[in-house]
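Next come the chains, spelled out residue by residue.
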Amino acid sequence: MTNESNSEKNQVTTEMKGEVEDDTCVLIENLKRQVETLQKSETKLGRQLKRLQDTVERDKAVALTRSNLDAVLTAEQRKQEKYMRLLLENSPDIILLFDKDGKFSYCTDAFLQIAGIPSFGLINGRPFQEVFKRFGDNAWIEELLVTFLDAMEKKNSISLEESVDFGSSGKARRYEIHFTPMTNETGNLEGAMMLLHDITDVERAREDAERASAAKSEFLANMSHEMRTPMNAIIGMTNIARSSSDIDKKDYCLVKIDDASNHLLGVINDILDMSKIEANKLDLSYTEFNFEKMLMKMANVINFRVDEKHQVFHVQIDKDIPRTIVCDEQRLSQVIANLLSNAVKFTPENGSITLTARKVSEENDDCVFQIEVTDTGIGITEEQKSRLFQSFAQADSSTSRKFGGTGLGLAISKRIVEMMNGSIWIESEVGKGSTFAFRFHALHGTSEQSESLLAPGINWDNVRVLVVDDSWEIREYFKDIAQRIGIACDIASGGIEACKYIEETGPYDIYFIDWKMPGMDGIELSRRINELGSNKSVIIMISATDWNLIEDKAREVGVSKFLPKPLFASAIADCINQCLGMEPGAFDGSEKQDVTDCFAGYKLMLVEDVEINREILISVLEPTALEIVCAENGVEAVEIFGAAPEDFDMVFMDVHMPEMDGYEATRLIRAMESEHAKEIPIVAMTANVFREDIEKCLASGMNDHVGKPLNFDEVMQKLWQYLPDKQKKTKKTQIKLSLHS
């Protein structure tokens, strides 16, 4: 039993074991399958997790990017806002923003500053009519309101120009005003912008340009008149002279031709000077010269025109002015001549003109001088004064037609004075005359101021002088001059008073007597003086009248000499020296000379390609007996001179010629072996008169320059200047010093 039981047990056990093993296998298989499933799920979950992680990272990146982008946009916005704020704060234009009801919502600082409003808060939210009422009247405010509403209604910009005084200073400025509606993204009105652009300066510039253009057009018209008028006279008088056999009529025509030619030359010189000023080519040349003698030359130039209009011309020179100064004599003379010419032109007959010169200050030999020209002419208005010194402008355009002139003289004078570190101005009242004055700087000359003008060797205390003139200014000025040069004199206002002095104190040694005096004139007084036993005295007639007109009558009554007005210290001293048998002062060019045969024995080469120019110079120099050999160009000049250089004493050389110009011809002559070729005076004779032209002539080896058209006095001056050492070749010549200027 037991064995069977055991067997059964074993069998059962075995069966159970088998079943267990089967179950285990099934379980293992299931587990394997579950593991595989789990592994697959894990893989899937891993992939999902990976995708989730990627998504999270991407979202993080996107969020970071968005955050960075927002930061960048915020910075850019701040930057834009900053520059927009700077733009508005610094805008020269006035920008005003209003809401749709027309109330202030913004304005630039420019508006606050010009309107004198401390802060925007004071006008923020206020209607623009209320703010603008302080800048204009109700009509103007209403006009702006209508424009504003019209722009808002039509949603279009509207522009207008207005003059507004935002600063309440009484000086309105011109603005270009733009009204522009402002709409949002949906097109609805949010408000309006008003932009005010200041165009005052632009308008002024435009007006100035228009005035300048009109002035130049008027100037050209005046120039046409100024140039055609003398040309018409020249052509007309030439035709009259050609067709007439009457010598007197021919002479009359020649005088008129000469006057017209000189006027035309003056017009051309003014135009040339102004063109140099416009091109900034006007230069100064400083030399030392005698100031008084320069004024004497100016007086001699203007005296003829003064006498024509029966005007009175006085000159008063301050005793403190140095005898010589260092300045540009030519340009200074030009300014004075312009002022004197205008004074004579605009002063009626029997009027008076006075030129005064004084020293204002001096420091380290740098002197400031003031010259004034006062007249009793027509005067000018305040408005006309503003145009006086402008180029191409006159105080009144009708003056060109009535009085003549280019209108350039004062503009040229102003530029010259400014180049001398000075200034020029006018004081005038309509109908009561004008005073033109200018100051300029110049150096004190080297000559001694204290040097006496009177000749040595005479006891001047014993010389008695009487001055008779009805003009108080002349008497006082003469007395001042006499004191300055070291002589004592008595003064009388007329012939009766002079005769009384003579009867009471006896005859005087020297009498200075005015010709034109009321009651007893100078001729009658001279006759009375001789009757009173003064036939040993010297009587000197003083007058602005041409000596030729009164010489015969004056000689008959014992007048010895003539002294032209205006009076100058050196001229008075020279006259007194001559009266007492002393040598007169240095020849200053004012005395006339008899040039007959004065250059006999001299030989001049004239190098000129234009036949009529050669003919003119030969004709005017014919009385001097100067031998002239002509060459028509530089090549011919070099050949003629090279053949016999010692035969020639001087050369007048034109500059512009065919084949060879004057510069090259001069250089070739200077390069010759002959010593005489290196020393012979060569003077340029050309129409090129600018300083750079003169310097070019000198650089080529020439000694001097004469401008065309030729001035006979200048030509003679050059001949006297460069031929003094040849006097031994000159025939006996008597140079007669004329007593008249």
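This section reports on the structure supplied with the text. (Residues numbered from 1 in each chain as written. Predicted model: local features only at pLDDT ≥ 70, side-chain atom pairs only at ≥ 80, totals over all residues. Heavy atoms only, no water.)

## Digging into the overall build of the protein chain
Part 1 of the reasoning: Helices and strands together make up the secondary structure of the protein chain, namely 22 helices and 22 strands.
Part 2 of the reasoning: When each of the 741 residues of the protein chain is scored for burial, the buried share is 40%.
Part 3 of the reasoning: When contacts within the protein chain are restricted to residue pairs at least 6 apart in sequence, long-range pairs at least 24 apart make up 65% of them. (Helix = DSSP H or I, 4+ residues; strand = E, 2+ residues; numbered from the N terminus. Buried < 20%, exposed > 50% of the residue type's maximum accessible area, 1.4 Å probe, protein only. Contact = heavy atoms within 4.5 Å.)

## Structural notes on the environment of Ser537
Part 1 of the reasoning: With respect to the helices and strands, Ser537 occurs in the loop between α14 (522–531) and β16 (538–543).
Part 2 of the reasoning: Distance from Ser537 to Ile510, taken between C-alpha atoms, is 5.8 Å for residues 27 residues apart in sequence.
Part 3 of the reasoning: If we skip the residues at most four places from it in the chain, Ser537 touches Pro507, Tyr508, Asp509 and Tyr511.
Part 4 of the reasoning: A distance of 2.4 Å separates the side chain of Ser537 from the backbone oxygen of Tyr508, its partner in a polar contact. (Polar contact = N/O pair within 3.5 Å; in protein donor to acceptor, adjacent residues only side chain to side chain.)

## Some remarks on helix α8 (residues 329–346)
Part 1 of the reasoning: Between the first and last C-alpha of α8 there are 26 Å, a value that for 18 residues agrees with the 26 Å anticipated at 1.5 Å per step.
Part 2 of the reasoning: Burial of α8 is extensive: 14 of the 18 residues sit out of reach of the surface.
Part 3 of the reasoning: Where α8 begins, one side-chain oxygen reaches toward the backbone nitrogen of Gln330, 3.2 Å away; that side chain belongs to Asp328. (Expected span 1.5 Å × (residues − 1).)

## Description of the pairing of strand β19 (residues 627–631)
Part 1 of the reasoning: As judged from the five bridges shared by strand β18 (residues 603–607) and β19, these two strands associate in the parallel manner. Within β19, the position partnered with Leu606 by the bridge is Cys630.
Part 2 of the reasoning: A crossover connection joins β18 to the parallel β19 through helix α17 (residues 611–620); in handedness this β-α-β unit is right-handed. (Pairing = 2+ DSSP bridges. Right-handed = clockwise from strand over helix to strand, strands pointing away.)

## Quick look at helix α18 (residues 634–643)
Part 1 of the reasoning: Gly634, Ala637, Val638 and Phe641 are the residues of α18 that are buried. Taken around the axis of α18, the buried residues stretch over an arc of 95°, which confines them to a single face. Among the exposed residues of α18, those pointing more than 90 degrees away from its buried face are Glu639 and Ala643.
Part 2 of the reasoning: Summarising the contacts, the buried residues of α18 are in contact with β18, β19, α19 (662–670) and α20 (675–679).
Part 3 of the reasoning: Where α18 begins, one side-chain oxygen reaches toward the backbone nitrogen of Val635, 3.1 Å away; that side chain belongs to Asn633. (Arc of directions from axis to C-beta.)

## Quick notes on the sheet that holds strand β4 (residues 173–183)
Part 1 of the reasoning: Strand order in the open sheet made by the five strands is β2-β1-β5-β4-β3, with antiparallel pairing throughout. Each edge of the open sheet carries a strand with a single partner, namely β2 (104–107) and β3 (158–164). Adjacent strand axes in the sheet meet at a mean angle of 25°, parallel and antiparallel pairs treated alike.
Part 2 of the reasoning: Bridge count between β4 and strand β5 (residues 189–198): nine bridges; the pairing is antiparallel. What sits directly across from Phe179, in β5, is Met194. (Axes fitted to C-alpha atoms, helices over the stretch in contact; angles between N-to-C directions.)

## Topic: the side chain of Asp165
Part 1 of the reasoning: Within the secondary structure, Asp165 sits in the loop between β3 and β4.
Part 2 of the reasoning: Residues within four places of Asp165 in sequence aside, it is in contact with Phe135, Gly170, Lys171 and Ala172.

## A look at the environment of Gly519
Part 1 of the reasoning: Here Gly519 shows up in the loop between β15 (510–514) and α14.
Part 2 of the reasoning: On the accessibility criterion, Gly519 (86% relative accessible area) is exposed.
Part 3 of the reasoning: Residues Gly519 and Gly495 lie 24 residues apart in sequence; the distance between their C-alpha atoms is 7.8 Å.

## Overview of the sheet that holds strand β20 (residues 650–653)
Within a sheet, each strand pairs with its neighbour through backbone hydrogen bonds, oriented either parallel or antiparallel.
Part 1 of the reasoning: Sheet architecture is open: five strands sit in the order β19-β18-β20-β21-β22, paired in parallel fashion. Pairing within the sheet leaves two strands with one partner each, and these edge strands are β19 and β22 (704–707). Each strand of the sheet is rotated relative to its neighbour by a mean of 25°, with strand direction disregarded.
Part 2 of the reasoning: Sheet strands touched by α18: β18 and β19. Its angle to β19, the strand with the most contacts, is close to 135°.

## A closer look at the packing of α18 against α19
Part 1 of the reasoning: For the pair α18 and α19, interaxial distance at closest approach is 9 Å and the crossing angle is 20°. With respect to their mutual orientation, α18 and α19 come out roughly parallel. Like other packed secondary-structure pairs, α18 and α19 cross with a definite hand, here right-handed. Of the residues in α19, those in contact with Gly634, Val638 and Phe641 of α18 are Ala665, Leu668 and Ile669.
Part 2 of the reasoning: Within the contact of α18 with α19, the residues separate by chemical class into five nonpolar, one polar and no charged. (Parallel < 35°, antiparallel > 145°, perpendicular 65-115°, else oblique. Left-handed = near helix turned anticlockwise from the far one by under 90°. Nonpolar A, V, L, I, M, F, W, Y, C, P; charged D, E, K, R; others polar.)

## Overview of unusual backbone geometry
Part 1 of the reasoning: With an omega of 0°, the peptide bond running from Lys565 to Pro566 counts as cis.
Part 2 of the reasoning: Within the element layout of this structure, Pro566 appears in the loop between β17 (559–564) and α16 (569–579).
Part 3 of the reasoning: A positive phi angle, near 55°, is found at His310, a position not held by glycine.
Part 4 of the reasoning: Within the element layout of this structure, His310 appears in the loop between α7 (291–308) and β7 (312–317).
Part 5 of the reasoning: Note on His310: relative accessible area 43%, which makes it partly exposed.
Part 6 of the reasoning: Residue Glu659 is not a glycine yet carries a positive backbone phi of 70°.
Part 7 of the reasoning: Position of Glu659 among the secondary structure elements: in the loop between β20 and α19.

## Thoughts on the pattern of salt bridges
Part 1 of the reasoning: On inspection of all chains with the given rule, the structure shows 19 salt bridges.
Part 2 of the reasoning: One salt bridge connects Asp469 with Lys565, and the closest N-O pair in it is separated by 2.9 Å. Taken as a pair, Asp469 in the loop between β13 (465–468) and α12 (472–485) and Lys565 in the loop between β17 and α16 lie far apart in primary sequence, 96 residues in all. Grouping residues by exposure puts Asp469 and Lys565 together as buried.
Part 3 of the reasoning: Members of the salt-bridge network, linked through shared partners, are Glu524, Arg527, Arg528 and Glu531. (Salt bridge = Lys/Arg side-chain N within 4 Å of Asp/Glu carboxyl O.)

## Regarding the packing of helix α13 (residues 495–505) against α14
Part 1 of the reasoning: Across the interface, α13 lies against α14 with an axial gap of 10 Å and an inter-helix angle of 15°. Taken together, the axes of α13 and α14 are roughly parallel relative to one another. You can see that α13 and α14 cross each other, and the crossing is right-handed. Facing α13, whose interface residues are Gly495, Ala498, Cys499 and Ile502, α14 presents Leu525, Arg528 and Ile529.
Part 2 of the reasoning: Classifying every residue of the contact of α13 with α14 by side-chain character gives five nonpolar, one polar and one charged.

## Concerning a nonpolar patch on the surface
Part 1 of the reasoning: Taken together, the side chains of Val610, Ile612, Ile616, Val620 and Phe712 make up a nonpolar region of the molecular surface, amounting to roughly 380 Å² of accessible area.
Part 2 of the reasoning: Among the elements that make up the nonpolar patch, the one with the highest residue count is α17 (three residues).
Part 3 of the reasoning: On the accessibility criterion, Ile616 (44% relative accessible area) is partly exposed. (Patch = residues over 30% accessible without salt bridge, like charges linked within 9 Å, V, L, I, M, F, W, Y side chains within 5 Å. Areas by Shrake-Rupley, 256 points an atom, 1.4 Å probe, with all protein chains shown as cover.)

## Some remarks on the pairing of β15
Along any regular strand, the residues point their side chains to alternate faces of the sheet.
Part 1 of the reasoning: Most of β15 sits inside the fold, with five of its five residues counted as buried.
Part 2 of the reasoning: Side chains Ile510, Phe512 and Asp514 project from β15 onto one buried face, and the interleaved Tyr511 and Ile513 project onto a second face that is buried too.
Part 3 of the reasoning: Looking at chain direction, β13 and β15 are connected through four bridges and run parallel. Paired with Val467 across the strands is Phe512, a residue of β15.
Part 4 of the reasoning: In the sheet, β15 pairs with β16 via five bridges, with the strands oriented parallel. Its bridge partner being in β16, Ile510 is matched across the sheet by Val538.

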